[in-house]
Amino acid sequence: MDLLTASGIEAGPPPVRRVRVLLPLPLASAYDYRVPDDMDLEAGAYVEVPLGPRQVFGVVWAVDGDEAGVPANRLKSVLRRFDLPPMPEVSRRFIDWVAAYTLSSPGSVLRMAVSVSAALEDPKALLAYLPSGDSPPPGFKMTDARRRVLALMEEEGPPRTPADLAREAACGIGVIRGLAESGLLTPVALRAQPRPPIPDAHRPGPTLSPDQAAAADALRAAVDARGYSATLVDGVTGSGKTEVYFEAIAACLRQGRQALVLLPEIALSSQWLDRFARRFGVRPVEWHSDLAGAHRRAAWRAIVNGEAPVVVGARSALFLPYPDLGLIVVDEEHEAAFKQEDGVIYHARDMAVARGFLGGIPVALVSATPSLETLTNAETGRYGRIDLPARHGGASLPDVTLIDLRRPDSRPPARHWLSPILVDAMKETLAAGEQGMLFLNRRGYAPLTLCRSCGFRLQCPNCTAWLVEHRLSRRLQCHHCGYTDRLPETCPSCEAEHSFVACGPGVERVAEEVAQLFPDARVALMTSDTLVGPQAIQTVIEEVRAHKVDLLIGTQVMAKGHHFPMLTLVGVVDGDLGLGGGDLRAAERTFQMLHQVAGRAGRESRPGRVFLQTHMPEHPVMQALAAHDRDAFLAAEADQRRAMDLPPYGRLAALIVSGEDERQVDKLARDLARVAPQGDDVLVLGPAPAPLALLRGRHRRRLLLKTARGVAVQPLLQSWLASIPIPGTVRVQVDVDPYSF
Ligand code: ADP
Ligand code: ZN
């Protein structure tokens, strides 16, 4: 040490100020940077820093860097700080908590919170355009590209940057400049964007029934308590759960705090958005992965600046840095769509409860068929519980009939899929001028295509999966990796010609049968193949509501939350689908889905009927649906899980080992099994082929860690993974609380 400096006789240069900056990248830790003399940085500040040759966006994670780390003279400097409110402490703690819980890098979690990047305040991005409304100057030539841009600008939304416009209209940036020069577009500064409109918290909602009013009071009390709570809102479809939690949102708004509503599939939620607008006068701010460009930046900025009083979003909306969140609602809390299976693997419902706990705010978990996890938490008193026992307006629950496909008199004719009983019911429904719906959760024409002469099956080259024939698009498709191919004219195995036959039904095949049986009926097919994007879905929904459709046929995209007043008949083509395979949640998930589908029938004054085709009418799922006895099913399911120490009575975590080289994957999986954690309450199963043993060309093996409920699995997993070198060509993903197995 330099004696002079140490004694303070001659002060050296001022000490280097360091900050730790977390970058939204899958890096093991935050990096130290030097704070320039003319800059002040506090924890949470948004900054731009150099990383190798790049400049990246990041967040100051701590203001005391690691003095023992990179020497001061080798530190790179922060380049600039953005003019944004710093990320609140609770958001930063939440990100760290999620990273620790899921064993992900904090940077990967941060990426979900700041997925907008530094383009936020790029000077080039500051310029945006709105239509000027002027007429074209003399000599102006209207090209196709120009027309596309102008048509795009007719749509509502915040101003778009030139780059956004060019991308959305699929044209060059020169087209945009040309339009601006001819005066048809007016430049505006993005910063001058209007704030999102404010929902009116004082608008009266509908007059609530006594049950609903009691439920609303309880939720409002939770909001007014301004502390952590988790509450299950349990009530049959149509009982008014949405109206009830709207009251809680109103209470949160009156406090001047933000409310977040998570929906499982935001693309299917236009009816929800309309209802919100009717209740509060304006639409909420939306956040989901389809939101791009200027819309995304505008939404992010509004949220971060506290100018978005209500945000509705898919699971990723949970990670946004809300400055003053006062309520989280997780609607359809049981939905599998809340589980993210790539990158950071997490369950948004569970993380929402953690966010509520860290932030000291109430969380409402809403469902007509709550998950066993949430029900158990409600039973043990960890969560509160609010029940809404009856459908609003006295609409009765539909009558459910099980059709036993094993009985000769109810079996459909050969190569047909609809039982005569169901067909008769469809005739009656159409004769009464009502609507019917057929549900089959299987896209395409047939699940399996095989060669009639040798039995050869068409399989995906990249996945352990059969190729599915789609007649509408005349392609074979893999539903896991998107691989497509033509149906071969000759069998690759026996060379027979035109020998391939379809086995079993997909929705397209059911639609074919319906067209034969009811040539005069107006039929709509609703599957993700025929409906690309929310607009297409909305169009069909409106047609059904306007009674321009008699029979609706579809997969689960059709089952979600839609309210069709004239729909009185629901036919489930194959109720057993999903029960096979021995998955942990197979029965629970099938029950939830069929319950939701059945709930589409008879939502208003006309009573509904449900016909459920099954080979297993004695199965607890079918019995519960027929008897409207959810609790009996749940009790049986709970007993089974308890007996096997499965969640929610035990814990699970999975390691998925994957790579292109099967031998390497196998070896690592076996090596991991050899060094697996041991203990009284700990059991490791596997390695076994993962549910898709080959996926997108990667071989996959799985190890399952099974522990008693109270065991913290993260330290076990951490030391397990650290005990063995993992080659760079093999990936090990950690799935804490796997949804299925
Ligand atoms: P859930 O969310 O439980 O399925 P909803 O809140 O969607 O139930 O209510 C079902 C239907 O009944 C909706 O159209 C809703 O507007 C209507 N509804 C519910 N409660 C009331 C009420 N108190 N007054 C008027 N309409 C209501
Ligand atoms: Zn595939």
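Residues numbered from 1 in each chain as written. Chains lettered and ligands numbered in written order. Predicted model: local features only at pLDDT ≥ 70, side-chain atom pairs only at ≥ 80, totals over all residues.

## Some thoughts on the overall build of the protein
Which entries qualify depends on this criterion: Counting from the N terminus, the helices are the DSSP runs of H or I reaching at least four residues and the strands are the DSSP runs of E reaching at least two. In this treatment the radius of gyration is a C-alpha quantity, and the globule benchmark scales as 2.2 Å times the residue count to the 0.38 power. Three exposure classes are used, based on other C-beta atoms lying within 10 Å of a residue's own C-beta, which is placed from the backbone: buried for 20 or more, exposed for 12 or fewer, and partly exposed in between. In this description, a residue-residue contact is defined by the distance between C-beta atoms placed from the backbone, which must lie within 7 Å.
Check the secondary structure of the protein and you find 20 helices and 31 strands. Against the 2.2 N^0.38 benchmark of 27 Å for 741 residues, the protein shows a C-alpha radius of gyration of 29 Å, consistent with a compact globule. When its C-alpha atoms are laid out on the principal axes, the protein stretches across 105 × 80 × 65 Å. Per-residue burial over the protein gives 44% buried out of 741 residues. Restricting the contact set of the protein to residue pairs at least 6 apart, pairs at least 24 apart contribute 74%.

## A short note on the sheet that holds strand β20 (residues 468–470)
Strand pairing within a sheet occurs via backbone hydrogen bonds; the two strands may be parallel or antiparallel. We count it as follows: Strands were regarded as paired on the criterion that DSSP finds at least two bridges between them.
Pairing is antiparallel in the open sheet, where three strands are placed in the order β20-β21-β22. Each edge of the open sheet carries a strand with a single partner, namely β20 and β22 (484–485).

## Quick word on the confidence of the model for the protein
The condition is simple: Each residue carries a pLDDT value, the predictor's own confidence for that position, ranging from 0 to 100.
Overall, the predicted model of the protein reaches an average pLDDT of 89, with 93% of residues at or above 70. Of the regions scoring below 50 in pLDDT, residues 1–8 engages in five contacts with residues more than four places distant in sequence or in other chains.

## Let's talk about the pairing of strand β28 (residues 650–659)
Where burial is concerned, most of β28 is hidden: nine out of the 10 residues are buried. Sheet analysis places β28 next to strand β30 (residues 698–708), joined by 10 bridges and oriented antiparallel. Bridge pairing links Ser-658 to Arg-700 in β30.

## What to know about the UniProt feature "binding site: Zn(2+) 1" (unreviewed entry) in the protein
What counts here: UniProt positions are given in the numbering used here, feature names are shortened, and annotations may be inferred rather than shown by experiment.
UniProt's entry tags Cys-451, Cys-454, Cys-491 and Cys-494 with the feature "binding site: Zn(2+) 1" (unreviewed entry), counted in the numbering of this structure. Spanning 44 residues, the annotated positions come together in the fold, the maximum distance between their C-alpha atoms being 8.6 Å. Examined against the element boundaries, Cys-451 turns out to sit in strand β19 (residues 448–451). With respect to the helices and strands, Cys-494 occurs in the loop between β22 and β23 (500–503). With 13 C-beta atoms counted inside 10 Å, the residue Cys-494 sits in the partly exposed group. Setting aside its immediate chain neighbours within four residues, Cys-494 contacts Cys-451, Ser-453, Cys-454 and Phe-456.

## Concerning the environment of Ala-673
Residue placement: Ala-673 occurs in helix α19 (residues 662–674). Of the residues examined, Ala-673 has 15 C-beta atoms within 10 Å and is grouped as partly exposed. With 12 residues separating them in the primary sequence, Ala-673 and Leu-685 have C-alpha atoms 8.1 Å apart. Ignoring anything within four residues of it in the chain, the contact list for Ala-673 reads Val-684, Gly-686, Pro-687 and Leu-703.

## Here we look at the site of ligand 1
To keep it simple, the criterion reads: Any residue qualifies as near a molecule or strand once its backbone-derived C-beta atom lies within 6 Å of it. Gly is put with the polar residues, along with every residue not named as nonpolar or charged; the nonpolar set is Ala, Val, Leu, Ile, Met, Phe, Trp, Tyr, Cys and Pro, and the charged set is Asp, Glu, Lys and Arg.
Around ligand 1, the surrounding shell holds 15 residues, and the nearest of these are Pro-206, Gly-240, Lys-241, Thr-242 and His-392. At three residues, the largest contribution of residues to the shell around ligand 1 is made by helix α8 (residues 241–254). When the residues that make up the shell around ligand 1 are grouped by side-chain class, the tally is two nonpolar, 11 polar and two charged.

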